[in-house]
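Here is what each chain is made of, one letter per residue.
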Amino acid sequence: MNNKLMVVFLSALVMCFFFSSPTWAVDKEKALNFFKEKKCTKCHSMKTEGIVGQKAESGDDDDGAKKPPDLSKLSDETMKEADPKTFLKKFLTQQIKRGNKKHRKKLDDDGDLDTLIDYFMSPKK
Ligand code: HEC
């Protein structure tokens, strides 16, 4: 590769980084659509979005199991994981348990799960 080509190549690379930065932001709309589509709202609230889960506000489950948490903010328990993102992905796809319990709903690991987890991890107002 000659020098001129190299310069063109490098500028193109820099431009790519520069112009692609908005795509690093979380696709909130996609995440929330997925969240509703998969009926996560049957259990979970997302108060920052005005979503109230159908089970979230009711008392403990009959068997004394944990209530579904509001997902506006992830629990300290989750954030203490060495890698919260990987933990959530495995937990939600039921590859791992927490406190000897699987997540109540099994999710498929398709593309939008990553988007949703990125959204969970992102700071919210
Ligand atoms: C049948 C009720 C139910 C449904 C439906 C459900 N969940 Fe949950 N979810 C729970 C319960 C209960 C917990 C708490 C489990 C725990 O902490 O061990 C939980 C925990 C979580 C957590 C961990 C939160 C934290 O930081 O501790 C995430 C993330 C989550 N659910 C996402 C989802 C998503 C995404 C969906 C939709 C695909 C969904 N859930 C559907 C009951 C449900």
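What counts, and at which threshold
- Residues numbered from 1 in each chain as written.
- Predicted model: local features only at pLDDT ≥ 70, side-chain atom pairs only at ≥ 80, totals over all residues.
- Axes fitted to C-alpha atoms, helices over the stretch in contact; angles between N-to-C directions.
- Helix = DSSP H or I, 4+ residues; strand = E, 2+ residues; numbered from the N terminus.
- Parallel < 35°, antiparallel > 145°, perpendicular 65-115°, else oblique.
- Contact = placed C-beta atoms within 7 Å.
- Nonpolar A, V, L, I, M, F, W, Y, C, P; charged D, E, K, R; others polar.
- Core = buried A, V, L, I, M, F, W, Y, C linked by C-beta atoms within 7 Å.
- Buried ≥ 20, exposed ≤ 12 C-beta atoms within 10 Å, placed from the backbone.
- Near = placed C-beta within 6 Å.
- Left-handed = near helix turned anticlockwise from the far one by under 90°.

Caption draft 1: How the structure looks around the packing of helix α2 (residues 28-37) against helix α5 (residues 111-121). Packing of α2 against α5 leaves a shortest axis separation of 8 Å and a crossing angle of 110°. As far as their axial angle goes, α5 and α2 are roughly perpendicular. Where α2 approaches α5, its residues Lys 28, Lys 30, Ala 31, Phe 34 and Phe 35 are matched on the opposing element by Asp 112, Thr 115, Leu 116 and Tyr 119. Of the residues that constitute the contact of α2 with α5, the class distribution is five nonpolar, one polar and three charged.

Caption draft 2: Structural context of the nonpolar core. Core analysis: the biggest nonpolar cluster contains eleven residues, these being Ala 31, Phe 35, Cys 40, Met 46, Leu 71, Leu 88, Leu 92, Leu 116, Ile 117, Tyr 119 and Phe 120. Contributing elements (two or more residues each) for this core: α2, α4 (84-92) and α5. No other element matches the four residues that α5 contributes to this core.

Caption draft 3: Geometry of the site of the ligand. What surrounds the ligand is a group of 26 residues, the closest being Cys 40, Cys 43, Leu 74, Ser 75 and Thr 78. Counting only elements with at least two residues in the shell around the ligand, the list comes to α3 (76-79), α4 and α5. Residues that form the shell around the ligand fall into these classes: twelve nonpolar, five polar and nine charged.

Caption draft 4: Broad picture of the environment of Lys 55. Relative to the helices and strands, Lys 55 is located in the loop between α2 and α3. Along the primary structure Lys 55 and His 44 are separated by eleven residues, whereas in three dimensions their C-alpha atoms are 7.1 Å apart. Contact partners of Lys 55, with chain neighbours within four places excluded, come to Lys 42, Cys 43 and Pro 68.

Caption draft 5: Layout of unusual backbone geometry. Phi angles above zero are rare outside glycine, and Lys 39 is one such case at about 60°. The topology assignment puts Lys 39 in the loop between α2 and α3. Positioned with a positive phi, Asn 100 is a non-glycine residue whose angle comes to about 70°. The topology assignment puts Asn 100 in the loop between α4 and α5. The exposed category is assigned to Asn 100, around which 5 C-beta atoms lie within 10 Å.

Caption draft 6: Structural view of the packing of α4 against α5. For the pair α4 and α5, interaxial distance at closest approach is 10 Å and the crossing angle is 130°. By the angle class used here, α4 and α5 are oblique. In terms of crossing hand, the pair formed by α4 and α5 is right-handed. Contact with α4, carried on its side by Pro 84, Lys 85, Leu 88, Lys 89 and Leu 92, involves Leu 113, Ile 117, Phe 120 and Met 121 of α5 and no other residues of that element.

Caption draft 7: Fine view of α5. By the burial criterion, the buried members of α5 are Thr 115, Leu 116, Ile 117, Tyr 119 and Phe 120. Buried residues along α5 sit against α2 and α4.

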